[in-house]
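Coordinate analysis (summary)
Chain by chain, the residues:
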Amino acid sequence: MRIRPIARGDLDGLQQLAQETGVGFTSLPDNREFLASKIESAALAFEERTPVDDRLYFFVLEDEESGELAGCCAIEGQVGREVPFYHYRLGTLAHSSVQLDLHRTIDTLFLSSDHTGDAEVASLYLRPEYRGGQRNGALLSKARWLFMAQFRDRFPDKVLAEMRGVFDENGISPFWKCLGSHFFPMDFNEADRLTGMGQKSFIGELMPKFPIYTTFLPEDARACIGQVHEHTRPALEMLKKEGLRWEGYVDIFDGGPTVEAYIDDVRAVRLSTLCQVEVTANLETSERPSWLAATTGMADFRAAWVGRGPNADGTLALTEEEARRLNVGAGDSLRILET
Amino acid sequence: MLVVRPAKPADLPGLERLAGSATPRLTNLPVHRDRLEERITRSQRALAREIDFPGDESYVFVLEDLERGEVVGTATIRAQAGAQEAYYTYRQETLIHASQQLNVRREVQTLSLSHEVSEASLLCALSLDARYKGTSAESLLRRARLMFIAQYPERFAEILAVAFPGYLDADGESPFWNSVGRHFFVRGYQDINHLAGVRSKSFIAEVMPQFPLYLSLLTPPARAAIGREHPDHEVALGEMLAEGFVRSRHVDIFDAGPVIKAERERLETFRRSTWHPVRIRPAAALPDAEPAMIANQKLDGFRCVVARYALSPTGQLMLSPEHAALLGVEEGRAVLAAPLALSAGEDVFDEGEL
C-alpha cells in the first residue's frame, strides 16, 4: 500500500470512494463534475502551477498490486482564501457584580474566521476492507505530516483539522437542531452538502452574527459543543498524539471540535529525518510496521510503511519491493519517521 | 372627595402600604421605607426649585380621599427616564438574513439592549388601593400627571413613556425572566425586581448580557411574554393607548412588559385641555355635564380633581365652593380642564419610532 498524489485517471476510483463515504463526509460529495474539478485542482497543485495559498493536495492510498484505491486524504494549503471559513469560538464572559454577590462565567459562541490562512488536514477516508492490522489509517493520516515537513515553505504557520461532531441514534445533530436549524432553511445534510461543494457563502449570509449565549441552548445541544462522534475518536486521538489541541473552536453546524497546532510543533514534522536509500535483498521486516517513509519530490510524492529503521550510518535499507513501492533507487533521499 | 397632589413626608405610611399592595410589585415603588422617603424628599426638592429643562427630578403624587383622610393611590413622573444612569430596555429588532445563493430571505428577531428611552419622561410607580379600581379615581391618578406636565412643559421631555408591568403566570413567575435573566443572575424574578427597586435597575442592567438575544433561542412562553402586559394592567394599558400612546419596540429587560411612548403634544389630554376662568356656584346650582379633570396652576400646591365640565355661556368653568377650595382658587382665577372621557383609541404599533 502506498500514498501518492491523486491523478487525472482516478476519477472513477474517487467517485466510488465518494459513494461509500456517504452523507456526513462534507468534502467528498458524490458529484462527478465536482470530483473531476477537485482532481484537476489537485493535479495543478502538485505540479505547483497554482499559487501556494490556493492549493489542495489530495492524496490517495493505493493498493499498488491491484491498482485499487483504498482511501484518500488531503491537505488544504490555506483555508478561507477563496470562500470564508467559519467557526464558532467558544468563549467565556465573566458576569460578575460585587454588590449583587454575583460571579458567574457564561459560555458564548462567537462566529469567527480566525483560521483564515491556516492549512487544514482533511478528507481522510479508508475503505472498510482495508481497515485493521496494517496501519493503513495511520499511513493516510501521517503521510501528510511528512509531506508538510518536506515542503515546509509551502505551508503557513498553523494547521487544523475539523472533527465530526455528535449525532444521535437517528443521525440528528442536537447542536444543529437547537441552533443551526433556526437560521438555515434546510436540513443538516443539505447544509453539509452545500458546504462540501464549496458553496459556503450562504453560511455567512444566514448565520447569526452576534454571539450565542450557550446557556440558551438545551442541555443536549450544549453537551455536543467540542465533542466528537464516537467513530471519530480514534482519528482525534491520532491527531492529539501529534500535538494538535482543541483551542475552543467548533464547527458551526454540528459543534464538533477543530484541533490545531503550529506546524513546526507537530511531532511528526519535528521528528522526521532525511536519509539515503540502500537497496538490499534478504532484509528483516517487522510484523507491525513502525517506520514511515516518504519521497522528497512533490509531483511524484510517495509514502509507505517500511520494514525497519535506518542503519547506524544513517542510510535506510529497503527491499526491492519497498523501493519499487516508493519508486526510489539507491542513493535517493527519503524522509522517515518512527511512529 | 378625591384629589391628586404632590406627596409630602406625612404620606410615607400610605406610600409604604401602596407599595406593598401593588400587583405585581413595582420596581419603581419598592417596599422599602428609606427609599420611599428619599423619593418624597427628592420630589419636594424638585417642586421647590426653578427648573428649565428635564433632569434627574422625580415628581411623586398621591391620590387622597378626603372623606377617609387617607392616601389611596400614588403615581410618579421621572423627568428623564435615565438622567444619571441609563434607562435600559430591550429593543425588538428584525434582521434580514438573505442568501442570494439559496434564494432565501429570513427575518431574524432579536432583542438588543437599548438606552434609547433614557431621554423620555417616564410615567411610573402607579399603585391604587383596590377599592378604587375601575372608578374615575383611577383615571384621575393616572392622567393627573399629564395635567401637571401640560402646565410645566419645560420640566419634561417632548416624549413621554410608560413601562407596563410584564406578563407573570399564575404563580407570579415571569416566563421571560426565567428564560433570559435567570440564566445570568440565578435569582427569581420577584427577588431581582425588589433588588432593582432598592438599588437601581440600571445597576443590574449593567451586568445583563450586552449582546443581542436571538428570539428563536428563547423558550416559547418567554417569546409569548414579549410586549405582553400583566393581566391586571390590561385596562390601564388600554386607557393609555386611547390617550394617544403607541406601542414601541421597547420592552422591559426583566419581564418584557411593553413600553409605550408618545409625543406629548399628540396626547388627548394635551390637545383637549383648556384654560378657563373660574366661577363659583353652589353645588346644587351646577348644571349636569361630562366629567373632567380640573387642575390649578400651582407648582408645589398642584391639585387635580374630577369635577363636572360645566361651562357658562361665556366660557367660565363653574365650580362648587368645595372644589374651588380644594384647588385653592378664587373666582376669576384660571384652571386647566380636560375631559375625562377619551375617544376610543386604537392599539397601534409605532413603526416610525419616536
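None of the values given here were measured: they were computed from a predicted structure. Residue numbers restart at each chain and count upward from 1, following the sequence in its written direction. Chain labels run from A onward and ligand labels from 1 onward, assigned in the order the entries are written. Totals for whole chains, interfaces and linings use all residues, but because this is a predicted model, local features are given only for residues with pLDDT of at least 70 and pairs of side-chain atoms are given and counted only at 80 or more. With hydrogens and water set aside, each side-chain value is computed from the structure's full complement of heavy atoms.

Notes on the overall build of chain B
In terms of regular secondary structure, chain B is built from 11 helices and 15 strands. With C-alpha atoms as the basis for the radius of gyration, the globule rule is written as 2.2 Å multiplied by the number of residues raised to the power 0.38. At 21 Å, chain B has a C-alpha radius of gyration in line with the 20 Å of a compact globule built from 354 residues. For the C-alpha atoms alone, the extent of chain B along its principal axes is close to 75 × 45 × 40 Å. The rule is simple: take the accessible area with a 1.4 Å probe, protein chains only, and divide by the maximum for that residue type; under 20% is buried, over 50% is exposed, in between is partly exposed. Across the 354 residues that make up chain B, the buried fraction comes to 56%. Runs of E in the DSSP output that reach at least two residues are strands. Runs of H or I that reach at least four are helices, and both are numbered from the N terminus.

A short note on the interface of chain B and chain A
Counting from both sides, the interface comprises 32 residues of chain B and, opposite them, 35 residues of chain A. In this description, buried area is defined as the sum, over both parts, of the accessible area (probe of 1.4 Å) that is lost when the two are combined. Buried surface at the junction of chain B and chain A, both sides included, amounts to about 2800 Å², of which 68% is carbon and sulfur. Here, a salt bridge means any side-chain nitrogen of Lys or Arg that lies within 4 Å of a carboxyl oxygen of Asp or Glu. Taken together, chain B and chain A are joined by 0 salt bridges. Distance and chemistry together define a polar contact, namely a pair of N or O atoms within 3.5 Å, with one atom able to donate a hydrogen and the other to accept it when in protein, and with adjacent residues in sequence counting only for side-chain atoms on both sides. Inspection of the region where chain B meets chain A yields 13 residue pairs in polar contact (both at pLDDT 80 or more). Secondary-structure elements contributing two or more residues to the side of chain B that touches chain A are β4 (89–99), β5 (104–114), α5 (181–185), α7 (201–205) and β8 (213–214) of chain B. Per element, the largest residue contribution to the side of chain B that touches chain A is 4 residues, and it comes from β4 of chain B. A class-by-class count of the residues in the side of chain B that touches chain A yields 21 nonpolar, 8 polar and 3 charged. What makes two residues a contact is simply this: any of their non-hydrogen atoms within 4.5 Å. Only Asp, Glu, Lys and Arg are considered charged, only Ala, Val, Leu, Ile, Met, Phe, Trp, Tyr, Cys and Pro nonpolar, and every remaining residue, Gly among them, polar.

Observations regarding helix α5 (residues 188–196) of chain A
When we look at burial in α5 of chain A, the residues that qualify are F188, A191, D192, L194, T195 and G196 of chain A. At the C-terminal side of α5 of chain A, G198 of chain A shows a positive phi close to 80 degrees.

Quick look at the environment of S21 of chain B
Along the chain, S21 of chain B falls in helix α1 (residues 12–21). Residues S21 of chain B and S127 of chain B lie 106 residues apart in sequence; the distance between their C-alpha atoms is 7.7 Å.

A word on the domain arrangement of chain A
Residue and element names in this part refer to chain A. Domain annotation for chain A reports domain 1 (2–88 + 112–271) and domain 2 (272–338). For domain 1 and domain 2, the distance between their C-alpha centroids amounts to 29 Å. On the domain 2 side, the residues contacting the 28 residues of domain 1 number 25 residues. For the pair domain 1 and domain 2, the two sides together bury roughly 2200 Å², of which 63% comes from carbon and sulfur. For domain 1, the biggest contributors to the area lost against domain 2 are R2, R135 and L146; these three give 29% of the whole. The tally of links between domain 1 and domain 2 comes to 1 salt bridge. For the salt bridge of R325 with E64, the shortest nitrogen-to-oxygen distance reads 2.6 Å. Where each domain begins and ends is defined by an automated method or by a domain database.

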